[in-house]
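Breakdown of the fold
The primary structure of each chain is shown beneath.
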Amino acid sequence: MYLSPVAIRDANAPPTFLPAPAAFEGMMATLGISDATRVVVYDERGGIYGARLWWILNYYGTRTWR
């Protein structure tokens, strides 16, 4: 499944540009991803967007999905 890099970046939240926890949780739920889902992340741009998604998934971890 494809996830646009813009979807995981909130331009109004510098310096990290993290999406709000509820917004990120909702986006992942829409994609069928929960804290019990194994996610394989990759991208076509040398890894920068894949790494960002991996980082955000780890940052929020199970803190928002209990």
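Right above here is the structure, for reference.
Being a predicted model, the structure only gives us computed values, none of them experimental. (Residues numbered from 1 in each chain as written. Predicted model: local features only at pLDDT ≥ 70, side-chain atom pairs only at ≥ 80, totals over all residues. Heavy atoms only, no water.)

**A few points about the layout of surface pockets**
One simple way to see leftover space: roll a probe sized like a water molecule over the atoms. Threshold: Cavities and pockets were defined on a 1 Å grid built over protein atoms only: a cavity is a set of grid points that admits a 1.4 Å probe from which the probe cannot escape, a pocket is an open set flanked by protein on both sides within 12 Å along at least five of seven lines, and lining residues are those with an atom within 4 Å of any such point. Grid points are joined across faces, edges and corners, and a volume is the space filled by probe spheres set on the points. Comment: elements are numbered from the N terminus, with helices defined as DSSP H or I runs of at least four residues and strands as E runs of at least two. Residue polarity follows a fixed list, in which Ala, Val, Leu, Ile, Met, Phe, Trp, Tyr, Cys and Pro are nonpolar, Asp, Glu, Lys and Arg are charged, and the others, Gly among them, are polar.
As a volume, the largest pocket reaches approximately 570 Å³. As for the largest pocket, its lining consists of 21 residues, of which M1, Y2, L3, Y42 and L53 are closest to the centre. Here the lining of the largest pocket gets 4 residues from one element, more than from any other, and that element is helix α2 (residues 48-60). Each residue belonging to the lining of the largest pocket can be placed in one class, and the counts come to 15 nonpolar, 2 polar and 4 charged.

**Details of the packing of helix α1 (residues 21-30) against α2**
Our working rule: For helices, the fitted line uses only the C-alpha atoms of the stretch in contact; every axis is such a line through C-alpha atoms, and the angle between N-to-C directions lies from 0 to 180 degrees. Comment on the angle field: the value is read as roughly parallel under 35 degrees, roughly antiparallel over 145, roughly perpendicular from 65 to 115, and oblique elsewhere. The sense of a crossing depends on the near helix, which, turned anticlockwise from the far helix by less than a right angle, makes the crossing left-handed and, turned clockwise, makes it right-handed. When checking whether two residues touch, look at their non-hydrogen atoms; a contact exists if any pair is within 4.5 Å.
Where α1 meets α2, the closest approach of the two axes is 12 Å, and the angle between their N-to-C directions is 115°. On the basis of their axis angle, the class for α1 and α2 is roughly perpendicular. Seen from above, α1 lies across α2 with left-handed handedness. For the pair α1 and α2, contact is made by P21, F24 and M28 and by L53, I56, L57 and Y60, respectively. Its residues placed into classes, the contact of α1 with α2 shows 7 nonpolar, no polar and no charged.

**Describing the packing of aromatic side chains**
Going by this rule: Geometry of aromatic contacts follows a simple scheme: Phe, Tyr and Trp rings, the Trp one being its six-membered ring, pair when their centres are within 6.5 Å, and the pair is stacked under 30 degrees between planes, edge-to-face over 60, tilted otherwise. Relative accessibility thresholds used throughout: buried, under 20% of the residue-type maximum; exposed, over 50%; partly exposed, between the two (1.4 Å probe, protein chains only).
This structure, assessed with the given rule, holds 3 aromatic pairs. Where F24 meets Y60, the ring centres are 5.4 Å apart and the plane angle is 35°; that geometry is what we call tilted. A residue pair is termed long-range when its members are at least 10 positions apart, and F24 in helix α1 and Y60 in helix α2 qualify at 36 residues. Note on F24: relative accessible area 0%, which makes it buried. Ring geometry for Y59 versus Y60: centroids 5.2 Å apart, planes at 75°, classification edge-to-face. An aromatic cluster is defined as three or more aromatic residues linked by ring pairs; in this entry it consists of F24, W55, Y59 and Y60.

Just geometry here; none of it tells us what the structure is for.
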